[in-house]
Amino acid sequence: MISAEAACRRRSGPASVVTMLVAPLLLVLFVPFSPSSGAQLPNQAKAKDLPIATNGQPFPWDRMRLPTTVTPLHYDLAIHPNLTTLDFTGVVRIELDVHEDTNTVILHAKQLQISDVFLLAPEGIKRLKVLEYPRFHQLALLSDSVLIKGRKYEVHLAFAANLSDSFHGFYKGSYRTSSGEVRVLASTQFEATFARGAFPCFDEPAFKANFTIRIIREPRHIAISNMPMVKTVELPGGLLEDHFDTTVKMSTYLVAYIVSDFKSVSKTTQHGVKISIYAVPEKIDQTAFALDAAVKLLDFYDDYFDIPYPLPKQDLAAIPDFQSGAMENWGLTTYRETGLLFDPEKSSASDKLGITKVIAHELAHQWFGNLVTMEWWNDLWLNEGFAKFMEFVSLDITYPELHVDDFFLAKCFEAMEVDSLSSSHPVSTPVENPTQIQEMFDDVSYDKGACILNMLRDFLTPEAFEIGIVRYLKRYSYQNTVNSHLWESLTNICSSDDLDEGRLKHTEFCSKRKTQSGASKWYSGDELDVRAIMDTWTLQEGFPLVTVEVRGREVRLSQERYLKTDDPSPSEGFLWQIPLTYKTSASNTVHRFLLKTKTDVLFLPEEVDWVKFNVDMSGYYMVHYAGEGWNSIIKLLQHSHTALSGNDRANLIHNVFQLVSIEKVRLDTALELSLYLSRETKIMAVTQGFGELVPLYKLMEKRDMKVLENQMKSYIVDLFQDLIDQQEWNDSGSVSQRVLRSYLLLFSCVRNYAPCVTKATQLFNQWKDSDGTMSLPVDITMAVFVIGARTPEGWDFLFEKYRHSLQMSVKSRMKTAMAVSPLQDKLKWMMEQSLIGEIMKTQDLPGVVVSVSKNPHGYQLAWDFLRANWHTMIKKFDLGSSTISYLVTGVTNQYSTREMLDEVRSFFGSLTEETGSEMRCIQQAYETIEDNIRWMDKNLPLLQAWLDKRNRRVSHEDL
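Here, residues in each chain are numbered from 1, in the same order as that chain's written sequence. It should be noted that, the model being predicted, local features are given only for residues of pLDDT at least 70 and side-chain atom pairs only at 80 or more, the latter also being counted only at that level, while totals for whole chains, interfaces and linings use all residues. To obtain the side-chain values, all non-hydrogen atoms of the structure were included, while hydrogens and water were left out.

The protein chain is annotated in an unreviewed UniProt entry as Aminopeptidase from Haplochromis burtoni. UniProt positions are given in the numbering used here, feature names are shortened, and annotations may be inferred rather than shown by experiment. Turning to the protein chain, the UniProt record has this under Subcellular location (unreviewed entry): "Endoplasmic reticulum membrane". Comment text from UniProt for the protein chain, heading Sequence similarities (unreviewed entry), reads "Belongs to the peptidase M1 family."

(A) Here's a closer look at the sheet that holds strand S18 (residues 313-319). What the five strands build is an open sheet, ordered S16-S17-S18-S20-S19; its pairing is mixed. Edge positions in the open sheet fall to strand S16 (263-268) and strand S19 (326-327), since each of these has one partner strand only. Pairing of strand S17 (residues 274-279) with S18 involves five bridges; the strand directions are parallel. When the bridges of S18 are listed, serine 276 appears paired with aspartate 315. At least two bridges found by DSSP between two strands is the condition for calling them paired. Per the convention used, a helix needs a DSSP run of H or I reaching at least four residues, while a strand needs a run of E reaching at least two, with both numbered from the N terminus.

(B) Highlighting helix H28 (residues 898-909). Between the first and last residue of a helix there are one fewer steps than residues, each counted as 1.5 Å, and that sum is the expected span. Between its first and last C-alpha, H28 extends 16 Å over twelve residues, near the 16 Å set by a 1.5 Å rise per residue. For H28, the complete set of buried residues consists of Met900, Leu901, Val904, Phe907 and Phe908. Down the axis of H28, the sector holding all buried residues measures 135 degrees, keeping them to one side. Along H28, exposed side chains directed more than 90 degrees from the buried face belong to Glu899, Asp902, Ser906 and Gly909. Only protein chains enter the area calculation, which uses a 1.4 Å probe; residues under 20% of their type maximum are buried, those over 50% are exposed, and those in between are partly exposed. An arc is given here, and it is the one of the directions from the helix axis to the C-beta atoms.

(C) Looking closely at the sheet that holds strand S13 (residues 229-234). Spatially, eight strands are ordered S5-S4-S8-S2-S1-S11-S14-S13 in an open sheet, and the strand pairing comes out mixed. Each edge of the open sheet is held by one strand with a lone partner, namely strand S5 (124-127) and S13. Mean inter-strand twist for the sheet, computed between neighbouring axes without regard to direction, equals 20 degrees. Of the strand pairs in this sheet, strand S4 (residues 113-121) and strand S8 (residues 152-162) are connected by six bridges, and their pairing is antiparallel. Within S8, the position partnered with leucine 119 by the bridge is valine 155. Angles shown run from 0 to 180 degrees and are taken between the N-to-C directions of axes, each axis being a line fitted to C-alpha atoms and, for helices, limited to the stretch in contact.

(D) Representation of the nonpolar core. Take the buried residues of types Ala, Val, Leu, Ile, Met, Phe, Trp, Tyr and Cys, join any two whose side-chain atoms come within 4.5 Å, and each joined set is a nonpolar core. Core analysis: the biggest nonpolar cluster contains 318 residues, and Phe199, Tyr257, Ile359, Phe613 and Phe908 have the highest contact counts within it. No other element matches the 13 residues that helix H29 (residues 920-958) contributes to this core.

(E) Broad picture of the domain arrangement of the protein chain. Here the bounds of each domain stem from an automatic or database domain assignment. Taken domain by domain, the protein chain comprises domain 1 (51-261), domain 2 (543-674) and domain 3 (705-958). Here the C-alpha centroids of domain 1 and domain 3 sit 43 Å apart. The contact criterion used is simple: two residues touch if any of their non-hydrogen atoms lie within 4.5 Å. Contact residues are listed per partner, giving eight residues for domain 1 and eight residues for domain 3. The term buried area means the drop in 1.4 Å probe accessible area that two parts suffer when joined, counted for both and summed. With both sides pooled, the region where domain 1 packs onto domain 3 buries about 640 Å², and carbon together with sulfur makes up 52% of that total. The largest share of the area that domain 1 buries against domain 3 comes from Phe167, His168 and Arg176, three residues that together contribute 55% of it. When a carboxyl oxygen of Asp or Glu lies within 4 Å of a side-chain nitrogen of Lys or Arg, that pair is called a salt bridge. Where domain 1 meets domain 3, there are zero salt bridges. Pairs of N or O atoms within 3.5 Å make up the polar contacts considered here, provided that, within protein, one atom can donate a hydrogen while the other can accept it, and that residues adjacent in sequence are counted only when both atoms are side-chain atoms. Taken together, domain 1 and domain 3 are joined by two residue pairs in polar contact (both at pLDDT 80 or more). Gly falls in the polar group here, along with every residue not listed as nonpolar (Ala, Val, Leu, Ile, Met, Phe, Trp, Tyr, Cys, Pro) or charged (Asp, Glu, Lys, Arg). For the side of domain 1 that touches domain 3, the residue count by class is three nonpolar, three polar and two charged.

(F) Examining the state of the cysteines more closely. Only a pair of cysteine sulfur atoms within 2.5 Å counts as a disulfide in this structure description. Tallied over the full model, the rule gives two disulfides. One disulfide in the model links cysteine 412 with cysteine 451; its S-S distance is 2.0 Å. A torsion of -105 degrees about the S-S bond marks the disulfide between cysteine 412 and cysteine 451 as left-handed. Here cysteine 412 is found in helix H6 (residues 408-419), whereas its partner cysteine 451 is found in helix H8 (residues 443-460), with 39 residues between them in sequence. For the residue pair cysteine 412 and cysteine 451, the accessibility class agrees, reading buried in each case. In this model, cysteine 749 is linked to cysteine 756 through a disulfide, with the two sulfur atoms separated by 2.1 Å. Across the S-S bond linking cysteine 749 and cysteine 756, the dihedral sits near -90 degrees, which makes this disulfide left-handed. Judged by relative accessible area, which is 3%, cysteine 756 ranks as buried.

(G) Molecular detail of the confidence of the model for the protein chain. Predicted confidence across the protein chain gives a mean pLDDT of 90, with 91% of residues reaching 70 or more. Per-residue confidence from the prediction method is given by pLDDT, with values spanning 0 to 100. Note on residues 517-526: pLDDT is under 50 here. Beyond four places in sequence and across chains, it has 18 contacts.

(H) Just the packing of aromatic side chains, in detail. For Phe, Tyr and Trp, where Trp contributes only its six-membered ring, two rings pair if their centres lie within 6.5 Å, and the inter-plane angle classes them as stacked under 30 degrees, edge-to-face over 60, or tilted in between. Applying the stated criterion across every chain, the model contains 56 aromatic pairs. Ring geometry for phenylalanine 199 against phenylalanine 211: centres 6.5 Å apart, planes inclined by 80 degrees, an arrangement best described as edge-to-face. Taken together, the residues phenylalanine 199 in the loop between strand S10 (182-189) and strand S11 (210-217) and phenylalanine 211 in strand S11 connect sequence positions twelve residues apart. Neither residue differs from the other here; phenylalanine 199 and phenylalanine 211 are each classed as buried. Ring geometry for phenylalanine 799 and tryptophan 829: centres 5.0 Å apart, planes at 85 degrees, overall edge-to-face. Of the two residues, phenylalanine 799 is situated in helix H21 (residues 792-804) and tryptophan 829 in helix H23 (residues 824-836); the sequence distance between them amounts to 30 residues. Note on tryptophan 829: relative accessible area 30%, which makes it partly exposed. The structure contains a cluster of three or more aromatic residues connected by ring pairs, namely Phe300, Tyr301, Tyr304, Phe305, Tyr309, Trp367, Phe368, Phe386, Phe389, Phe465, Tyr472 and Tyr476. Two thresholds decide whether a charge sits over a ring: the Lys NZ or Arg CZ must be within 6 Å of the ring centre and within 35 degrees of the ring normal. In this structure, lysine 768 is placed above the aromatic ring of phenylalanine 797, and the distance from its NZ or CZ to the ring centre is 5.9 Å.

Okay, here's the thing in structure tokens:
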């Protein structure tokens, strides 16, 4: 809160310009507020049950969600941020639609100093009484006369606050120029519930309205917002006021404005939309790739969705201080600098892939989320699952050279990791308070959402799916939706009532359907109940494990919930409608079957050597091959692994190791399957092999078992040695080949594989001798930096280069390399500096802490740091945020001892609800550590025996 003295200074100085705008109105407000005897508060008879406002009076609303008696139509918002005093003033006029007679308007405001509140009614201007209830971030505006149903009114509020120290609301940011000057900016991040910290508003997604925004600034800055600027007005005191065009109807969380000294570059799309990239002046030369990508992708979506992008411009701004990856504000999307800036000489193949994906994600939101918005945050997945899914659909078509399909499975594996715990939640799940809402921004909403949409697309066919989602967008433009609206739009897409004659693709598809017998698909389109199928995937948590047992021509199927727990009861009562796909040794044809019951039986035309279910992992489920099933698959992989696709092989690796955790498969069976990886070259299968094998020795690092730990490390290096030796130390090849090269060389250097360490040491020394001017191939820099950071001199040199580099991707690789150094004093210093935020950005703190926690020399340091700075971090990054969740689970998910579990329980158990005790990520941390302990207790003897047996076998072969 701003002190009264500061507020008085503001109103008497240059910052009082906003007040000047409303001075004529204030002159008439000489009549003090005095409620008439007829004025009523809702539930006045039950005043004793109502919350108590800050002034001790009953607050007339007792729910977290706002009432719908009054809704906003239009906001006229004037904001004046002062980048010297780091505060802001503002005035908002909100046009209201009254749906029921009332004398109370309930809206949101958080940590704002509110003043000059009055009602503009047909009969004149009246002062309103204001009550505040900070617990729910609510204001009550009380009128001495009734607001009559059907009439339009306006409320006027002046407000003031400090620019936020966090990364949300209207917050301050800064950057350092190459000459060392620190420059300040102010930008917004309002999703999910932070617009209320910047101006009084109805801060829920269903309260859509139009916004007309004015921003007061100094001449040395520029202002940008959702819409184009229409004029600039000179004000007394040398200030300027930018007036922006009125927005389309949208939710408060999509409002955005930035005051900065950014520069921009622009192009126009084929559809006439102006695209601009904004960045700090010294980095504007790194924006060309993002600009071209944004133009290409916006044109793609314009055509794919068959709905013109409705705004005249789309800005993309690279913000130096930004907590999340990016934000889809309508017409002004915001990004981390690493998510937008690309240097062709210094950025890697994975940088290009990452930047293109994040732009594709945010631009997809301009339709999914902005044009059509979920009614409430319980259905956040309708925004985020779709945007994540559309990343892959759009890039597969617009950037085929990126081979984006090679990376989709990883999203499903990540989702299954959290969805396999008792603490998971349905994709669509009830939420109410801001912490619960923040927790919805997780792998379930994003990645599981994308994976079940991919499954549905495969089930319906891509053509039918596209027609259905276009129908959904057209039907609900500028509205709010729930799950069922989507399922209805994807049902009966060729019904005569809804046929889009103007869309050629739709009419051609439906004409073709009429001429087909329907036998080629597993359903009759007119009978398909999409909602019944998809409700089983969105309204219950978890995912199914399908057990397959082949007996001759008979295939017996059963389903149950896959759950990592000692207690089987949470998995009871779950049933999914599962679109199964499978292929066999007898045919390359993909066969389909919709499993609706707990058990069922399929009959094959002939007996087969093997059967593979979940072809290319198009479905969000795991498969257990009972009886001789796994043995037949191991035999296939050992003798002819290319009979299955790379995605099928990655899927099998994932499933077999995950089944060890629930004791469906023995560890030695999974390890026997892994032996085929010595001949694997496809990125998804290779990285999934690492993903299953590396955590085994990471768990051992937390226990005193060096001999077995080193045996396991040696096994992995030996397994991939041929592939590692094939890697050239340059930037040649496709994106997938280049990403895989970086991965393999980094792993082999971390694991001290002698040829890698020798080469990386030589290159680091040459680079250091050139004072960092020597050009290193981009793909190998991580491996080189990691080796260099092992010595104090190398670490210090790397840090100096980090400090002065303007290439964000290079800084990111240097930072990661420094965090995996064995030098504990450096690791501790790095975390401390990231918290301070001057030399290393605080936005990078979570990544630094989690990297240190994965370092065998740093995991205890990271845990100590997390505990010591917990209260600072939850204030900076916000309770329930994905950042806090990432910190909690990232730091603890490799602990494997009861002592560490007790320590984790002791710390998190000491918290209050206000400091995070109820967060889902804490339960996830407990469950994960418990699962690790169970796994180690059960499987360590098996692992030891299998590695000993393999070593004897290898030794015998060498003789």
